Amino acid sequence: MTDWYTSGPLSPYLAGHRMASGSINLIEAVQPEADCSDPGTSDLSISYMLDPCAYSGDLGAGRFGGDGRRPNEIFVIPPHVANIIHAHGPHRVRAVAISAASIPSILEEARPNSAPFDFGWLHRSAFINQPIVDVCNRLWDEAERGDPVSRLFVDGATLMLLSMLLRLAEQPVPVHRGGLAPWQLRRATEMIAASAGSDVSLATLAAEVGLSPFHFARAFKISTGIPPHAWQRARRIDLAKALLETTELPVTEIAFEVGYESSQALARLFQRSVG
């Protein structure tokens, strides 16, 4: 990861680089709207946005996104896993890159029956955890000192970060207050998009994200502003518009393609939704 920022595609945005020990590098970058993806590095990376912005990403466990309203959202990227991160605005980010070669035995001992760098739901989306951010910020400060006391802190902080990630991974997947967690919203909207030509039942969507139909419908509306059936209808209209613009299909066939029994039914919905 250090090479990616010091001599790779993201090097123009490097604002600071500190080496906390032979196996830990700390990066700070000030980036514009940019593609921050990489093909996978030899590090376990803990990154967090000091200045929030909207983003979309995939850390190897499925696509997700964020609206940029919360500072210090954390991204945990496993070693040797290609990831996709698109920042949709200027932002400042810090990253703690821990060499994977220095820690697998610790993780294997802690979880003998699990892949050492698999932290479960932590890879499905960004998340908020202020204690982790506090430790990372303290690492940044201690790395600048570089004295024996700071090196002692670095060793302890590395173990602390790993233990915090392990404990978080053991906890149930959090549901955001009032709304869906990012991975739940992503999974539900992906299912709807993949089934634009047919209805996906509320019960099916709710079961996929581990909620009752009542709680799912309520949380979905809080997260998106509209109920699930309205979201499905909007995706059908989006698909119909794309087919009208990019194909020579007759309207009747497009209507069938997006789940309506006649061109008249599609036309009525299209006029209400699009004008």
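Higher on the page you've got the structure.
All of the points below concern the structure found in this document. No experiment lies behind these values; they were computed from the predicted model shown. (Residues numbered from 1 in each chain as written. Predicted model: local features only at pLDDT ≥ 70, side-chain atom pairs only at ≥ 80, totals over all residues. Heavy atoms only, no water.)

## A look at the nonpolar core
- Within the largest apolar cluster, 34 residues are counted, with the highest numbers of intra-cluster contacts made by L26, L44, I74, F119, F127, I132 and L165.
- If you list the elements that add at least two residues to this core, you get β2 (24–31), β4 (43–51), β7 (74–77), β9 (91–99), α3 (130–145) and α4 (148–170).
- Ranked by the residues each element gives to this core, the list is headed by α4, at eight residues.
- Ignoring anything within four residues of it in the chain, the contact list for F127 reads N72, E73, I74, V76, W121, L122, I132 and L168. (Core = buried A, V, L, I, M, F, W, Y, C linked by side-chain atoms within 4.5 Å. Buried < 20%, exposed > 50% of the residue type's maximum accessible area, 1.4 Å probe, protein only. Helix = DSSP H or I, 4+ residues; strand = E, 2+ residues; numbered from the N terminus. Contact = heavy atoms within 4.5 Å.)

## Section: α3
- Helix length check: α3, at 16 residues, gives a terminal C-alpha distance of 23 Å against a target of 22 Å (1.5 Å per residue), a fit within 8%.
- Those residues of α3 hidden inside the fold are in contact with β1 (14–21), β2, β4, β7, β9 and α4.
- Backbone nitrogen of I132 and a side-chain oxygen of the N-cap are separated by 3.0 Å at the start of α3; the cap is N129.
- Positive phi shows up at G146, right after α3, with a value of about 65 degrees. (Expected span 1.5 Å × (residues − 1). Polar contact = N/O pair within 3.5 Å; in protein donor to acceptor, adjacent residues only side chain to side chain.)

## Concerning the sheet that holds strand β5 (residues 55–58)
- With antiparallel pairing, four strands are arranged side by side in an open sheet as β3-β8-β5-β6. Of all strands in the sheet, those bounded by a partner on one side alone are β3 (34–35) and β6 (63–66). (Pairing = 2+ DSSP bridges.)

## Let's talk about the sheet that holds β7
- Strand order in the open sheet formed by five strands is β1-β2-β9-β4-β7, with antiparallel pairing between adjacent strands. Looking at strand neighbours, the two that pair on one side only are β1 and β7, the edges of this open sheet. Strand-to-strand twist of the sheet, defined as the mean angle between neighbouring strand axes without regard to direction, takes the value 15 degrees.
- The pairing of β4 with β9 spans eight bridges and is classified as antiparallel. The residue of β9 that forms the bridge with S45 is A97.
- In the packing of α3 onto the sheet, the strands contacted are β1, β2, β4, β7 and β9, and the crossing angle to β1 comes to about 85 degrees.
- Strand contacts of α4: β1, β2, β4, β7 and β9, with the helix running at about 85 degrees to β4, the strand carrying the most contacts. (Axes fitted to C-alpha atoms, helices over the stretch in contact; angles between N-to-C directions.)

## Let's talk about the pattern of salt bridges
- As enumerated under the stated definition, the model contains nine salt bridges in all.
- The partner of E190 in a salt bridge is R187, and the shortest N-O contact between them spans 4.0 Å. Taken together, the positions of E190 and R187, both in helix α5 (residues 182–194) and three residues apart, correspond to about one turn of that helix.
- We classify E190 as partly exposed; its relative accessible area is 30%.
- Connected through shared salt-bridge partners, E28, D51, R92 and R94 make up one network. (Salt bridge = Lys/Arg side-chain N within 4 Å of Asp/Glu carboxyl O.)

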